[in-house]
Amino acid sequence: DHKNSLIKDKHENQRLQNELGLRPDASHVRVAVIARPPQMPFDLLLVNEGSQSGVSIGDLALAADRSRSGRVVEVNDKTAIVKVNSFTDNLLNGLVARTGEPIELRGAGGGNLVAKTPIDFDVVVGDSVLMSFGADYVVAIVGAVEDDVSGGAKNVLLSLPFNLNKIETLFILK
């Protein structure tokens, strides 16, 4: 029976996450994503916990123990909305993990972010960009670097460290 199979799979998923340490060490509320694009406007996620569970506007949302997905921007009694890092024109200041160099990211929508850096900036495909909130959290992964020689800059294209269309669980830090 399909329903029992889904319940069994959900419990197995939670058991594996617990074993692998995929939840944050900090105090948190575990939430289920109940709507995502295309049910929600791009780069917004509706979660199944709200103020009754202690979720507040401005709370940090994680996709895994060290993967920052966004911030809570709206809260009701039983639900909340998370604005994902890649929300259009959302600005983030981070550091390239490999070099420690500061980089400003801008949300481009659809799980993508962009950055414009000086031509001699040391960034390569696969680099992680971190932000620190008492601990370092991955906010984006470099997917492409394009040299704009005439403009003396690099265009850096990044993506979220998780699949926006498939994310099922978030952790809201308290």
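Please read all numbers here as calculations on a predicted model, not as lab measurements. (Residues numbered from 1 in each chain as written. Predicted model: local features only at pLDDT ≥ 70, side-chain atom pairs only at ≥ 80, totals over all residues. Heavy atoms only, no water.)

1. A short note on the pairing of strand β7 (residues 102-109)
Point 1. Burial of β7 is one-sided: the residues I103, L105, G107 and G109 facing one way are buried, the residues P102, E104, R106 and A108 facing the other way are not.
Point 2. Alignment of strand β6 (residues 91-96) against β7, held across 5 bridges, turns out to be antiparallel. Pairing of L91 across the sheet is with R106, part of β7.
Point 3. Remark: 2 residues form the turn of the hairpin made by β7 and strand β8 (residues 112-118), two consecutive strands paired antiparallel; G110 in that turn has positive phi of roughly 65 degrees. (Buried < 20%, exposed > 50% of the residue type's maximum accessible area, 1.4 Å probe, protein only. Helix = DSSP H or I, 4+ residues; strand = E, 2+ residues; numbered from the N terminus. Pairing = 2+ DSSP bridges.)

2. Some thoughts on the environment of G54
Point 1. Tracing the sequence through the fold places G54 in the loop between β2 (44-47) and β3 (60-64).
Point 2. The class of G54 is partly exposed, set by a relative accessible area of 29%.
Point 3. Discounting chain neighbours no more than four positions away, the residues touching G54 are D59 and K174. (Contact = heavy atoms within 4.5 Å.)

3. What to know about the nonpolar core
Point 1. Residues L45, V82, L105, L158, L170 and I172 are the most contacted members of the largest nonpolar core, which totals 33 residues.
Point 2. In this structure L105 touches N90, L91, L92, L113, V114, A115, V129, V139, A140 and L158, once residues within four positions along its chain are discounted.
Point 3. Counting residues in hydrophobic clusters, the runner-up holds 6 residues, among them L60, L62, Y137 and L173. (Core = buried A, V, L, I, M, F, W, Y, C linked by side-chain atoms within 4.5 Å.)

4. A short note on the side chain of D59
Point 1. Relative to the helices and strands, D59 resides in the loop between β2 and β3.
Point 2. D59 sits in the buried class, given a relative accessible area of 12%.
Point 3. Here K174 takes part through its side chain, which lies 2.5 Å from a polar atom of the side chain of D59. (Polar contact = N/O pair within 3.5 Å; in protein donor to acceptor, adjacent residues only side chain to side chain.)

5. Some details on the confidence of the model for the chain
Point 1. Taken over all residues, the pLDDT of the chain has a mean of 88, while the share at 70 or more is 85%.
Point 2. Here residues 14-22 is a poorly scored stretch, pLDDT under 50, and it has 9 contacts once near neighbours within four places are set aside; other chains count. (pLDDT = per-residue confidence, 0-100.)

6. Digging into the pattern of salt bridges
Between side chains of opposite charge, pairing is possible as soon as their charged atoms come close.
Point 1. Scanning the model with the defined rule gives 4 salt bridges in all.
Point 2. Across the pair D59 and K174 runs a salt bridge whose closest N-O atoms are separated by 2.5 Å. With D59 in the loop between β2 and β3 and K174 in the segment after β12 (169-173), this residue pair connects regions lying 115 residues apart in the sequence.
Point 3. For R98, the salt bridge identified is with D122, shortest N-O distance 3.0 Å. Of the two residues, R98 is situated in the loop between β6 and β7 and D122 in the loop between β8 and β9 (128-132); the sequence distance between them amounts to 24 residues.
Point 4. For R98, a relative accessible area of 44% translates into the label partly exposed. (Salt bridge = Lys/Arg side-chain N within 4 Å of Asp/Glu carboxyl O.)

7. Here we look at unusual backbone geometry
Point 1. The linkage connecting P37 with the following residue, P38, adopts the cis geometry, with an omega of 10 degrees.
Point 2. Checked against the element boundaries, P38 lands in the loop between β1 (28-35) and β2.
Point 3. A positive phi angle is found at D43, which is not glycine, with a value near 65 degrees.
Point 4. Summarising the element assignment, D43 is placed in the loop between β1 and β2.
Point 5. You can call D43 buried: its relative accessible area is 0%.
Point 6. Residue D89 is not a glycine yet carries a positive backbone phi of 65 degrees.
Point 7. For D89, the location among the structural elements is in the loop between β5 (80-84) and β6.

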